[in-house]
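Residue-level listing of the chains:
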Amino acid sequence: MARSKKVSYIYVPSQIINSLSSSSLQSLLVSPKKSSRSSSKIFFFLFKNPRFWFLAFFLFGFFAMLKMGFNLDPLIPFSQNPCGITQSQGIIPTGSLGSHVEVKEDGEKSEFWEQPDGMGYRPCLEFSREYKDTSPEIVKDRTKYLMVVVSGGMNQQRNQIVDAVVIARILGAALVVPILQVNVIWGDESEFSDIFDMEHFKWVLADDVRIVSSLPSTHLMSRPVEEKRTPLHVSPQWIRARYLKRASMVHNSILVLQRLKPLWALLPLVFFQLLECCILVLRREGVLLLRGLDSRLSKDLPSDLQKLRCKVAFHALRFSQPILELGNNMAERMRSKGPYLALHLRMEKDVWVRTGCLPGLSSQYDEIINNERKLRPELLTARSNMTYHERKLAGLCPLNALEVTRLLKALGAPKSARIYWAGGRPFGGEEALLPLTREFPNFYNKEDLALPGELEPFSKKASFMAAIDYIVCEKSDVFMPSHGGNMGHAIQGHRAYAGHKKYITPNKRQMIPYFLNSPLPEAEFNRVIMELHRDSLGQPELRTSKAGRDVTKYPVPECMCNSTSSTDSAI
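What you see is a predicted model, and the numbers here were worked out from it, not measured in a lab.

Caption draft 1: Structural context of the environment of A173. By the element assignment, A173 lies in the loop between α7 (154–171) and β3 (174–176). With relative accessibility at 4%, the residue A173 sits in the buried group. It is 7.0 Å that separates the C-alpha atoms of A173 and D141, two residues lying 32 residues apart in sequence. Setting aside its immediate chain neighbours within four residues, A173 contacts K144, Y145, L146, A168 and V209.

Caption draft 2: Geometry of the pairing of strand β7 (residues 287–291). Extensive coverage of β7 is indicated by the burial of four of its five residues. Pairing between strand β2 (residues 145–150) and β7: five bridges, direction parallel. Within β7, the position partnered with M147 by the bridge is L289. In this structure, strand β6 (residues 225–227) lies alongside β7, joined through three bridges in parallel fashion. Within β7, the residue paired with E227 across the bridge is L290.

Caption draft 3: Seen up close, the pattern of salt bridges. Under the counting rule described, the total for this entry stands at 21 salt bridges. Taking the shortest distance from any N to any O, the salt bridge between R549 and E541 comes out at 3.1 Å. Under the relative-accessibility criterion, E541 is labelled partly exposed at 34%. Within the structure, one salt-bridge network assembled from shared partners comprises D300, R543 and E558.

Caption draft 4: A look at the nonpolar core. Counting residues in each nonpolar core, the largest one holds 79 residues, and the members touching the most others are L146, L175, F201 and F319. Sorting elements by how many residues they give to this core places α7 first, with ten residues. Residues in contact with L146, not counting those within four places in the same chain, are A164, I167, A168, A173, A174, L175, V176, L288 and L290. In terms of nonpolar packing, the next biggest core, distinct from the first, is built from 41 residues, F112, V353, C357 and L436 among them.

Caption draft 5: Region of interest: the packing of α7 against helix α12 (residues 303–316). Here α7 crosses α12 at 135°, and the two axes come no closer than 9 Å. Judged by the angle between their axes, α7 and α12 are oblique. α7 and α12 meet at a crossing whose hand is right-handed. Side by side, α7 and α12 meet where R158, V162, D163, V165, V166, R169 and I170 of the first sit next to L305, L308, R309, V312 and A313 of the second.

Caption draft 6: Region of the structure containing the state of the cysteines. All chains considered together, the criterion is met by two disulfides. Each disulfide pairs two cysteine sulfurs, and for C310 the partner residue is C559, the sulfurs being separated by 2.0 Å. Here the S-S torsion is close to 85°, and the disulfide linking C310 with C559 is therefore right-handed. Within this pair, whereas C310 is found in helix α12, its partner C559 is found in the loop between α23 (522–532) and β13 (560–561), the two being separated by 249 residues in sequence.

Caption draft 7: Here's a closer look at the packing of aromatic side chains. Per the stated rule, a full pass over the model turns up 13 aromatic pairs. With centroids separated by 5.3 Å and ring planes inclined at 45°, the aromatic side chains of F192 and F196 adopt a geometry described as tilted. You can call F196 buried: its relative accessible area is 2%. Consider the rings of W421 and F443, whose centres lie 6.1 Å apart with planes at 10°: the pair is stacked. Linking W421 in strand β9 (residues 418–422) with F443 in strand β10 (residues 443–444), this pair joins segments that are 22 residues apart in sequence. Of the two residues, W421 and F443, neither departs from the other in class, the shared state being buried. Through successive ring pairs, a cluster of aromatic residues spans F192, F196, F201, F319 and Y470. For R406, the ring lying beneath its charged end belongs to F515, and the centroid distance is 5.1 Å.

Caption draft 8: Structural view of the side chain of H483. If you trace the backbone, H483 turns up in the loop between β11 (478–481) and α21 (486–497). Relative accessible area serves as the criterion here: at 16%, H483 is assigned to the buried category. Within the structure, the side chain of H483 is placed 2.8 Å from the side chain of K508, a separation counted as a polar contact. If we skip the residues at most four places from it in the chain, H483 touches R346, T355, L396, C397, P398 and K508.

Caption draft 9: Layout of unusual backbone geometry. Look at the link from V556 to P557: it is a cis peptide, with omega at 10°. Summarising the element assignment, P557 is placed in the loop between α23 and β13. One non-glycine residue, H233, adopts positive backbone phi at about 55°. Tracing the sequence through the fold places H233 in the loop between β6 and α10 (236–259).

Caption draft 10: Fine view of the sheet that holds strand β12 (residues 502–503). Ordered by their spatial adjacency, five strands build an open sheet running β10-β9-β8-β11-β12, and the pairing between neighbours is parallel. Edge positions in the sheet fall to β10 and β12, since each has one partner strand and no second. Two elements, strand β8 (residues 340–344) and β11, share four bridges in a ladder whose sense is parallel. The residue of β11 that forms the bridge with A342 is F479.

Cut-offs used in this document
Each chain has its residues counted from 1, running along the sequence as written. Local features in this predicted model are restricted to residues whose pLDDT is 70 or higher, and side-chain atom pairs enter the listing and the counts only when it is 80 or higher, whereas totals over whole chains, interfaces and linings include all residues. As a rule here, side-chain values come from all non-hydrogen atoms in the structure, and water together with hydrogens is ignored. Note on conventions: DSSP H or I runs of at least 4 residues are helices, E runs of at least 2 residues are strands, and numbering of each starts at the N terminus. Using a 1.4 Å probe on the protein chains alone, a residue whose accessible area is under 20% of its type maximum counts as buried, one over 50% counts as exposed, and one in between counts as partly exposed. The criterion used for residue contact is that any of the two residues' heavy atoms lie within 4.5 Å. Strand pairing is assigned whenever DSSP identifies at least 2 bridges connecting the two strands. Here, a salt bridge means any Lys or Arg side-chain nitrogen found within 4 Å of an Asp or Glu carboxyl oxygen. Definition used in this section: a nonpolar core is a set of buried Ala, Val, Leu, Ile, Met, Phe, Trp, Tyr and Cys residues joined via side-chain atoms within 4.5 Å. Every axis in this analysis is a line fitted to C-alpha atoms, fitted for helices over the stretch in contact. Angles between the N-to-C directions lie between 0 and 180 degrees. Throughout this description, any angle smaller than 35 degrees is read as roughly parallel, any larger than 145 degrees as roughly antiparallel, any in the 65 to 115 degree range as roughly perpendicular, and the remainder as oblique. Here a crossing is taken to be left-handed if its near helix is turned anticlockwise relative to the far helix by less than a right angle, and right-handed if that turn runs clockwise. Put simply, a disulfide is two cysteine sulfurs that come within 2.5 Å. For Phe, Tyr and Trp, where Trp contributes only its six-membered ring, two rings pair if their centres lie within 6.5 Å, and the inter-plane angle classes them as stacked under 30 degrees, edge-to-face over 60, or tilted in between. In this scheme, the term charge over a ring applies when either NZ of a lysine or CZ of an arginine sits within 6 Å of the ring centre and within 35 degrees of the ring normal. Here a polar contact means two N or O atoms within 3.5 Å. Within protein one must be a hydrogen donor candidate and the other an acceptor candidate, and residues neighboring in sequence count only if both atoms are side-chain atoms.

Put into structure tokens, the structure is as follows:
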């Protein structure tokens with residue numbers, strides 16, 4: 001009896017069978033030997049078929065492009081939209097901060113990012129014994145109050161708040177939290193606590209001046225003594241003679257009435273009540289209101305008051321938490337791929353009008369500025385008897401984008417440098433910035449760095465926006481303003497106090513002649529410009545070397561010391 005053959009079956013779903021061609025199905029059923037012969041024929045056929053080669057090249061190119069797509073980061077030093085990744089993720093890896101080193105194309109580290117020699121200077125705010133001994137009495141006083149209204153932009157207001165604290169100390173008065181005047185240009189109605197950390201402000205100055213949020217109930221109904229126009233650069237002696245005279249008379253009157261109090265019982269009730277009322281009225285008289293404090297207080301004050309200025313500017317005036325958080329995020333986004341440069345560009349229309357200078361974009365733009373100046377001659381703040389060319393040669397004009405570009409190139413800024421620019425919209429729009437963006441393509445401002453909707457709640461708050469710029473500029477590796485101003489001066493002092501971080505001060509008076517008409521070859525031009533700025537890179541400068549210098553701009557020697565000067569005291 002013949003043995004029956006055992007047959008095995010494999011289950012294959014009908015969907016797969018239907019998807020197979022007849023030739024493919026046949027190849028599953030033939031024996032291995034036949035299969036090998038069949039496959040060699042198929043290979044020979046494909047080898048001779050041009051479509052096979054076309055498909056192979058296409059797949060090879062496709063996978064090569066796909067691989068490059070996942071490795072773009074080494075090819076692009078900084079994305080044109082630095083927030084492209086963070087917009088979806090919302091974070092930046094903190095481990096990458098500061099991990100990149102700027103290197104030239106030839107492999108050498110760029111000298112542009114090197115920091116100046118700080119000569120060992122560090123913050124040093126040791127107040128005198130006399131200052132410390134008188135502080136408890138000043139802080140305890142409840143009879144005198146100083147109210148101030150500060151005006152202008154955010155940086156101008158900072159300067160006035162610093163002086164307000166010092167004036168309160170001179171008078172021995174409590175300072176009511178400064179009132180920020182509504183800015184008529186931008187319509188910014190921000191209050192002190194919107195911009196600055198009010199509780200921190202009070203805490204830091206608790207041993208120097210008593211800070212109150214508002215007048216006490218005993219003084220709410222009083223009419224303050226108002227001084228609308230304080231002369232420029234007044235001394236502490238002038239302030240005491242001017243403002244303490246009336247306060248002293250009030251205080252003495254209160255003392256006389258209080259000493260006569262034992263005799264009040266002998267008086268009729270109506271007189272007793274009248275005397276009580278007189279004392280209340282006299283107490284309410286100790287309120288002084290000051291406006292327009294900009295540059296009113298002398299820059300040359302006793303050492304303790306200079307130290308107090310630094311304490312207010314560099315320690316007490318901390319930005320509010322929302323501003324700090326957003327400003328620090330912006331700075332981290334700039335630093336996420338290495339060091340960065342911050343520029344403060346003064347190229348707005350009103351700047352060209354007020355300085356008596358021209359933007360140099362075209363004759364059409366220059367004519368607009370000239371016409372505006374003729375219509376509003378009161379806006380001209382520079383010397384009115386000087387021509388534009390004379391102002392330019394005297395170094396009184398802001399640098400335009402082309403001049404900033406040439407200066408940065410001459411000072412060794414690499415083309416790949418990441419640049420953050422602060423300031424208002426330039427007159428001429430994007431066209432005014434073309435020289436900079438062509439030479440330095442990694443060019444950003446806060447609008448470029450912000451996540452979608454991140455700045456929208458603050459779009460009409462000019463002080464908030466200025467504070468964001470301040471933080472990102474102060475944290476940069478290198479900072480340069482195109483023109484002097486409150487922000488540039490404040491950041492210069494802040495960077496000096498932080499250890500003399502690199503700050504480029506354009507030597508406009510000496511370099512402009514080379515910019516206007518220079519037959520020098522580029523290498524020689526760069527050497528000359530570099531030499532002109534050898535001592536203008538943020539090195540320590542003594543405030544006392546020139547009269548009238550602001551200690552918050554030049555904190556050495558009153559607020560900083562090194563091993564050769566007096567002992568320091570950290571706050």
